[in-house]
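# Secondary and tertiary structure notes
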Amino acid sequence: DQQVKQNSPSLSVQEGRISILNCDYTNSMFDYFLWYKKYPAEGPTFLISISSIKDKNEDGRFTVFLNKSAKHLSLHIVPSQPGDSAVYFCAAMEYGNKLVFGAGTILRVKS
Amino acid sequence: SAVISQKPSRDICQRGTSLTIQCQVDSQVTMMFWYRQQPGQSLTLIATANQGSEATYESGFVIDKFPISRPNLTFSTLTVSNMSPEDSSIYLCSVGAGTGNEKLFFGSGTQLSVL
């Protein structure tokens, strides 16, 4: 039972363009959402989060959008840089409970 | 934030043996979490380790297979027992931040291959 789904295993984007990573969830009780980035041979690092009371959160080049009615969130990276090439995990939780992760999307930013 | 040191970083083990993974945090934390990432899969929580009490295991994970120790507030170990090739995964320890442990900090992971 995959409660958090990242349907695109990989994404390739040209440097300077926008990267859009998508994530869908099924549990309507989730009220907090996060994105993590993972480089090879490293643990995931927290990138950005959003509470269910908001529909957008921005941090520099990174913006997360939440569409609760569609149970969908997305991460926008603009402009994309080669150093952004990594695996991106979407995660969700019902506050106070465990984080549930998606399977990840490999982002490749071509220079 | 927290700095988490995890070792070994990788190991190749024979079927039927056991491997103990160590996790050291640079600050005292109440809860430590152990995750597994099988190839092509998401990160799955194995158990939550609380200092001074037995670990709490998620559905599908049992103490006999994944015994956990938590002797103090900065250290934990996870043992993968009686290994089979299906145990080949990345194992990650993490600690939480925020009132609901909603932000996790991860160690660098242990890449385990079982032959």
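Check the entry above for the structure.
In what follows, the accompanying structure is described. Only a predicted model underlies this, so the values are computations on that prediction, with no experimental measurement involved.

## Quick notes on the overall build of chain A
Looking only at helices and strands, chain A has zero helices and 11 strands in total. Helices and strands appear in chain A in the N-to-C order β-β-β-β-β-β-β-β-β-β-β. Since a compact globule built from 111 residues should have a radius of gyration of about 13 Å, the 13 Å found for chain A is in line with a globular shape. Judged by the C-alpha coordinates and their principal axes, chain A covers about 40 × 25 × 20 Å. Put simply, chain A has 111 residues, and 43% of those count as buried.

## Structural notes on the sheet that holds strand β7 (residues 68-72) of chain B
Residue and element names in this part refer to chain B. Reading across the sheet, the four strands line up as β1-β3-β8-β7 and stay open at both edges, with antiparallel pairing between neighbours. Edge strands, defined here as strands with exactly one partner in the open sheet, are β1 (4-7) and β7. The mean angle between the axes of side-by-side strands here comes to 15°, regardless of whether they run parallel or antiparallel. As defined by bridge partners, β7 adjoins strand β8 (residues 75-80) across three bridges and the pair is classed as antiparallel. Bridged to Ser 69 within β8 is Thr 77.

## Things to note about the sheet that holds strand β3 (residues 19-25) of chain A
Across the sheet, five strands lie side by side as β1-β3-β8-β7-β6 (chain A); this open sheet has antiparallel pairing. Whereas interior strands pair on both sides, the edge strands pair on one side only; in this sheet they are β1 (4-5) and β6 (56-59) of chain A.

## Brief notes about the interface of chain B and chain A
The interface is formed by 18 residues belonging to chain B together with 19 residues belonging to chain A. Per-residue buried area on chain B facing chain A is highest for Leu 43, Glu 102 and Lys 103 of chain B; these three make up 33% of the total on that side. Viewed at the interface, chain A and chain B are joined by one salt bridge. When the shortest N-O distance is used, the salt bridge between Glu 58 of chain B and Lys 98 of chain A registers 2.9 Å. For the pair chain B and chain A, the interface holds five residue pairs in polar contact (both at pLDDT 80 or more). Elements with a minimum of two residues in the side of chain B that touches chain A: β4 (31-37), β5 (43-50), β9 (89-97) and β10 (103-106) of chain B. Here the residues of the side of chain B that touches chain A sort into seven nonpolar, eight polar and three charged.

## A word on the packing of aromatic side chains
Taken as a whole and judged by the stated rule, the model has 10 aromatic pairs over all chains. Ring geometry for Tyr 25 of chain A versus Phe 33 of chain A: centroids 4.7 Å apart, planes at 45°, classification tilted. Summarising the burial analysis for this pair, Tyr 25 of chain A and Phe 33 of chain A share the class buried. Grouped by ring-pair contacts, the aromatic residues Tyr 36, Phe 46 and Phe 101 of chain A together with Tyr 35 and Phe 106 of chain B constitute a single cluster.

## Looking at the pattern of salt bridges
Residues and elements named next belong to chain A. According to the stated counting rule, one finds three salt bridges over all chains in the structure shown. A salt bridge links Arg 61 to Asp 84, with the nearest nitrogen and oxygen atoms 2.8 Å apart. With Arg 61 in the loop between β6 and β7 (62-67) and Asp 84 in the loop between β8 (72-77) and β9 (86-93), this residue pair connects regions lying 23 residues apart in the sequence.

## Considerations on the environment of Phe 62 of chain A
Residues and elements named next belong to chain A. Secondary-structure assignment places Phe 62 in strand β7. Residue Phe 62 is classed as buried on the basis of its relative accessible area, which comes to 12%. For the pair formed by Phe 62 and Val 78, sequence separation is 16 residues and the distance between their alpha carbons is 6.8 Å. For Phe 62, the contacting residues outside a window of four places in its chain are Leu 47, Ile 48, Asn 57, Leu 75, His 76, Ile 77 and Asp 84.

## A short note on the nonpolar core
Generally speaking, a soluble globular protein has its nonpolar side chains buried in company with each other. Ranked by size, the top nonpolar core spans 26 residues in total, and within it Trp 34, Ile 46, Phe 66, Ile 68, Leu 78, Tyr 91 and Leu 112 of chain B carry the most contacts. Taken together, the elements giving at least two residues each to this core come down to β3 (19-25), β4, β5, β8, β9 and β11 (110-114) of chain B. Looking at this core element by element, the count peaks at four residues for β3 of chain B. Core analysis: the second largest hydrophobic core is formed by 24 residues, Val 13, Tyr 25, Ile 48 and Val 109 of chain A among them.

Rules and cut-offs
- Residues numbered from 1 in each chain as written.
- Chains lettered and ligands numbered in written order.
- Predicted model: local features only at pLDDT ≥ 70, side-chain atom pairs only at ≥ 80, totals over all residues.
- Heavy atoms only, no water.
- Helix = DSSP H or I, 4+ residues; strand = E, 2+ residues; numbered from the N terminus.
- Rg over C-alpha atoms; globule rule 2.2 N^0.38 Å.
- Buried < 20%, exposed > 50% of the residue type's maximum accessible area, 1.4 Å probe, protein only.
- Pairing = 2+ DSSP bridges.
- Axes fitted to C-alpha atoms, helices over the stretch in contact; angles between N-to-C directions.
- Contact = heavy atoms within 4.5 Å.
- Buried area = accessible area lost by both parts, 1.4 Å probe.
- Salt bridge = Lys/Arg side-chain N within 4 Å of Asp/Glu carboxyl O.
- Polar contact = N/O pair within 3.5 Å; in protein donor to acceptor, adjacent residues only side chain to side chain.
- Nonpolar A, V, L, I, M, F, W, Y, C, P; charged D, E, K, R; others polar.
- Phe/Tyr/Trp six-rings, centres within 6.5 Å; stacked < 30°, edge-to-face > 60°.
- Core = buried A, V, L, I, M, F, W, Y, C linked by side-chain atoms within 4.5 Å.

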